[in-house]
Amino acid sequence: MPHAVSLLRAARLARSAKPFLARGGFKRERCAGCRLLPSHCMCALRPSVATRAGVCLLMADIEPLKPTNTGWLIADVVADTFAFGWARTETDPALLTLLSDPQWQPYVVFPGQYAAPERVVRTVPSSLESPLGPPLGSPLESSDGAIAKRPLFILLDGTWGEARKMFSRSPYLDALPVLSLEPEQISQYKLRRSGRGDHFCTSEVAALCMRLAGEHLAEQTLEAYLAVFTHHYLRAKNQQPIVWDGEAHQRLREVQREVQHEALREVQRQEKAAATAPAAP
């Protein structure tokens with residue numbers, strides 16, 4: 001089943017008056033599932049990790065069409081990934097519905113220096129903490145008891161200039177907390193040029209968010225999957241064969257094994273809990 005970014009890409013292509021030609025990329029046939037040459041297809045490697053956190057991609061106009069876009073990778077990995085095209089003059093009603101859904105606590109992921117200080121947070125609160133304080137840690141009370149909202153990370157997917165425009169010209173984001181990341185490493189993304197090491201691709205940002213949310217298997221999967229995608233893309237571009245036993249593929253296999261083991265452990269925990277639960281009267 002196509003994911004949110006794939007559907008957004010298809011909708012954007014349907015509105016195009018002429019074919020989209022990626023600048024600097026290869027012009028040959030691409031696989032519809034991974035956007036790579038069929039000879040370098042990585043659809044069979046697509047991982048998936050169960051997460052409590054979700055991702056909302058707000059994408060600049062042609063971003064879904066770019067074969068180097070990494071929001072596609074996020075949608076492959078995280079089932080609860082939503083994608084919307086951004087426009088200054090109109091807003092998708094489905095986006096507003098998502099942002100008001102009571103199961104989610106949305107966070108706009110953006111550098112804190114561009115937001116009012118009272119909006120900025122640098123950690124994802126635990127289940128009963130208020131996202132905006134003060135003080136950070138006050139329990140959220142409701143008539144039916146405390147409810148743990150799921151974090152929803154809003155990623156502004158485009159060039160740096162496009163992301164700044166989306167942040168400053170989207171009134172529906174103004175009331176939301178701004179999650180300011182403080183990564184300790186530099187970007188490993190190699191498919192687009194950037195003059196700054198502190199600019200991260202969208203998939204790397206998602207991995208950092210998953211780390212803050214305690215979703216470490218999702219974080220590691222996103223990191224490993226990006227490395228495999230980069231390898232396949234560059235090898236296709238340079239007309240070189242894939243190194244299937246290389247470091248990138250080995251790391252992805254290791255992470256996938258850990259995901260499978262954790263899924264099995266979760267089933268065992270649930271079975272144990274069911275077995276020890278008191279019988280209904």
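This brings us to the nonpolar core. With 47 residues, the main nonpolar core has M42, L57, I74, F153, L155 and L179 as its most contacted residues. Sorting the residues of this core by element identifies α1 (4–15), β1 (54–59), α2 (71–77), β3 (104–109), β5 (150–157), α5 (202–212), α6 (216–237) and α7 (247–276) as the ones contributing at least two each. For I74, the contacting residues outside a window of four places in its chain are V55, L57, T81, L155, T202, S203, A206 and L222. Among the nonpolar cores identified, the runner-up in size contains 23 residues, and A60, W86, L98 and L176 belong to it.

Bringing the packing of aromatic side chains into the picture now. A full pass over the atoms with the stated rule returns seven aromatic pairs. Judged by centre distance (5.6 Å) and plane angle (65°), the rings of Y114 and W160 are edge-to-face. Highlighted residues: Y114 in the loop between β3 and β4 (120–121) and W160 in helix α4 (residues 160–168), separated in sequence by 46 residues. One aromatic cluster is present, formed by F110, Y114, W160 and F167 through successive ring pairs.

Two faces belong to every sheet, and in a regular strand the side chains alternate between them. In terms of burial, β5 is largely enclosed, as eight of its eight residues are buried. The two faces of β5 match: R150, L152, I154 and L156 on one face and P151, F153, L155 and D157 on the other face are all buried. Here β1 runs beside β5; their pairing, made up of six bridges, is parallel. Within β5, the position partnered with C56 by the bridge is I154.

Let us look at the sheet that holds β4. Taken in spatial order, the six strands of this open sheet run β2-β1-β5-β3-β6-β4, and their pairing is parallel. Looking at strand neighbours, the two that pair on one side only are β2 (81–85) and β4, the edges of this open sheet. Across two bridges, β4 lies against strand β6 (residues 178–179) in parallel orientation. Directly across from V121, in β6, lies its bridge partner L179. Each of β1, β3, β5 and β6 touches α4; the most contacted strand, β5, lies at about 125° to it. Seen against the sheet, α5 touches β1, β3, β5 and β6 and runs at an angle of roughly 160° to β5.

Criteria and cut-off values
Residues numbered from 1 in each chain as written. Predicted model: local features only at pLDDT ≥ 70, side-chain atom pairs only at ≥ 80, totals over all residues. Heavy atoms only, no water. Core = buried A, V, L, I, M, F, W, Y, C linked by side-chain atoms within 4.5 Å. Buried < 20%, exposed > 50% of the residue type's maximum accessible area, 1.4 Å probe, protein only. Helix = DSSP H or I, 4+ residues; strand = E, 2+ residues; numbered from the N terminus. Contact = heavy atoms within 4.5 Å. Phe/Tyr/Trp six-rings, centres within 6.5 Å; stacked < 30°, edge-to-face > 60°. Pairing = 2+ DSSP bridges. Axes fitted to C-alpha atoms, helices over the stretch in contact; angles between N-to-C directions.

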